[in-house]
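So the chains spell out like this:
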Amino acid sequence: MKNVDNLIESATELAGRGLSRGEIADELNVSRETASWLVERGGVEHEADQEPRATASPQDIHVDWSAIGRDSRRLTYVSHAMADLISKDDTDVGLTVGIEKAGVPLATVVANELDTDIAAYGPAKHQWEEGDIDEIDGGFSQNFSAVSDQHCYIIDDIITSGTTMRETITAVREHGGTPVGCVVLVDKQGLDEIDGVPVSSLMNVVSVAPEE
């Protein structure tokens, strides 16, 4: 079972390999703020650091789904369940969009199950260190299908704050596509929709704290 010390160690190792704060957040399935806090606790300095260090740990929940991710059969079973969740919509959908990195293998199986083409979106957070992430752009890989004129499902592993899913929805629309549904393994926010697009998840994780 991973504790905070294990997460700090993992974040430090990933930072030492040159991963950005956003990529570390993606790898550890935590928010960007949590990733920064973990890296700082590991004593890793970045030239791009522009903000004061956080003194208190962010409120977050770590989700480790590596028991699924490291086994292709389990990953296939779970992806079939995700496809079943999202296929209740009667809309004629021709494209499944996987959010890099973890959403792409899930989306590959979902696309196969639902007989759609597949696209891959790299979110802005993969380039993020510190400062204003709004100045960074994500993008679709040209090695996969284009989203123009397509009704699309969007697939990812975790919704932490909803920022990456919202970014992807916006990008699909800007490229001429129509997002009709999102599905993830775990939703930390318990969202029903993002920007008018329904959200489905296999699991909702809710942090319950006593009132002070």
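Look a little higher up for the structure.
Definitions and limits used
- Along each chain, numbering runs from 1 in the same order as the chain's sequence is written.
- Selection of residues for local features in this predicted model requires a pLDDT of at least 70, selection of side-chain atom pairs for listing and counting requires 80 or more, and totals for whole chains, interfaces and linings are taken over all residues.
- Water and hydrogen atoms were dropped before computing side-chain values, which therefore reflect all heavy atoms in the structure.
- Helix axes use the C-alpha atoms of the stretch in contact, all axes being lines fitted to C-alpha atoms, and the angles between their N-to-C directions lie in the range 0 to 180 degrees.
- Here a helix means four or more residues in a row that DSSP labels H or I, a strand means two or more in a row labelled E, and each is numbered from the N terminus.
- Comment on the angle field: the value is read as roughly parallel under 35 degrees, roughly antiparallel over 145, roughly perpendicular from 65 to 115, and oblique elsewhere.
- Whether two residues touch is decided by their heavy atoms; if any such pair falls within 4.5 Å, the residues are in contact.
- Note on residue categories: nonpolar means Ala, Val, Leu, Ile, Met, Phe, Trp, Tyr, Cys or Pro, charged means Asp, Glu, Lys or Arg, and polar means any other residue, Gly included.
- Only protein chains enter the accessibility calculation, which uses a 1.4 Å probe; a residue is then buried when its area is under 20% of its type maximum, exposed when over 50%, and partly exposed in between.

K.L.:
Break down the packing of helix α2 (residues 21-28) against helix α3 (residues 32-41) for me, with residues and values.
P.N.:
Contact geometry of α2 with α3 gives a least axis separation of 8 Å together with a crossing angle of 100 degrees. Relative to α3, α2 is oriented roughly perpendicular. Of the residues in α3, those touching α2 at R21, I24, A25 and L28 are R32, A35, S36, L38, V39 and E40. Across the contact of α2 with α3, the residue classes break down as six nonpolar, one polar and three charged.

K.L.:
I'd like a description of α2, backed by residues and values.
P.N.:
For the α-helix, the turn length of 3.6 residues means that residues three or four positions removed from each other point alike. In terms of burial, α2 is largely enclosed, as seven of its eight residues are buried. Inspection of α2 places R21, G22, E23, I24, A25, D26 and L28 among the buried residues, and these make up the whole buried set. Check the buried side of α2 and you find it contacts α1 (4-16) and α3. Trailing α2 by a residue or two, N29 shows a phi angle of about 55 degrees, which is positive.

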